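# Residue-level structural notes
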Amino acid sequence: MAAKKCPVCQWEIKEDGKQVKVDGKVVLVCCDECAAKVKAQPAKYINPR
Ligand SMILES: [Zn+2]
């Protein structure tokens, strides 16, 4: 299983990651604190591919 990293703190996300929906995208972060940061500044943490 590939490990994902939290876009906010770069911490490796385990099974209990948090999903945040911003700008129509679902972002997986590690915790509620990072989820709040993504919501506050989505452009800073979301890298479109
Ligand atoms: Zn995080």
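The following paragraphs examine the structure supplied in this document. (Residues numbered from 1 in each chain as written. Predicted model: local features only at pLDDT ≥ 70, side-chain atom pairs only at ≥ 80, totals over all residues. Heavy atoms only, no water.)

### Some thoughts on the environment of E15
Counted only if it meets this: In DSSP terms, a helix is any run of H or I states spanning at least four residues, a strand is any run of E spanning at least two, and both are numbered starting from the N terminus.
Tracing the backbone shows E15 in the loop between β2 (12–13) and β3 (18–22). In the structure, E15 is positioned 12 residues away from A3 in sequence and 9.4 Å away in space, judged by C-alpha atoms.

### Some remarks on unusual backbone geometry
Although it is not a glycine, Q10 adopts a positive phi angle of roughly 65°. Counting through the fold element by element, Q10 comes out in the loop between β1 (4–5) and β2. The backbone of D23 shows a phi angle near 50°, a positive value even though the residue is not glycine. Here D23 shows up in the loop between β3 and β4 (25–29).

### Details of the coordination of the zinc ion
Let me state the cut-off plainly: The donor set covers N, O and S atoms within 2.8 Å of the metal, switching to 3.2 Å for Na, K and Ca, and it leaves out water, so a site may look short of donors. Metal sites are grouped by the angles between bound donors: all angles between 85 and 135 degrees with four donors is tetrahedral, opposite donors over 155 degrees apart with the others between 65 and 115 is square planar for four donors and octahedral for six, and any other pattern is irregular.
Surrounding the zinc ion are the protein donor atoms C6 (SG), C9 (SG), C30 (SG) and C34 (SG), which sit 2.2 to 2.4 Å from the metal. Note that the zinc ion binds four donor atoms; their angles at the metal cover 102 to 116°, and the shape is tetrahedral. Mapped onto the polypeptide sequence, the residues donating to the zinc ion form the spacing pattern C-x2-C-x20-C-x3-C. Of this pair, C9 sits in the loop between β1 and β2 while C30 sits in the loop between β4 and α1 (32–40), and the two are 21 residues apart along the sequence.

### So, the pattern of salt bridges
Operational definition: What makes a salt bridge here is a side-chain nitrogen of Lys or Arg within 4 Å of a carboxyl oxygen of Asp or Glu, nothing more. Partly exposed describes any residue whose relative accessible area lies between the buried limit of under 20% and the exposed limit of over 50%, with all areas from a 1.4 Å probe on protein chains only and scaled to the type maximum.
Within the structure shown, the criterion is met by two salt bridges. One salt bridge connects K14 with E12, and the closest N-O pair in it is separated by 3.4 Å. A residue is classified by how much of its surface remains accessible, and K14, at 55% relative accessible area, is exposed. A salt bridge links D32 to K18, with the nearest nitrogen and oxygen atoms 3.7 Å apart. Residue D32 is located in helix α1, and its partner K18 is located in strand β3; the two are separated by 14 residues in the primary sequence. Given the relative accessible area of 54%, D32 is considered exposed.

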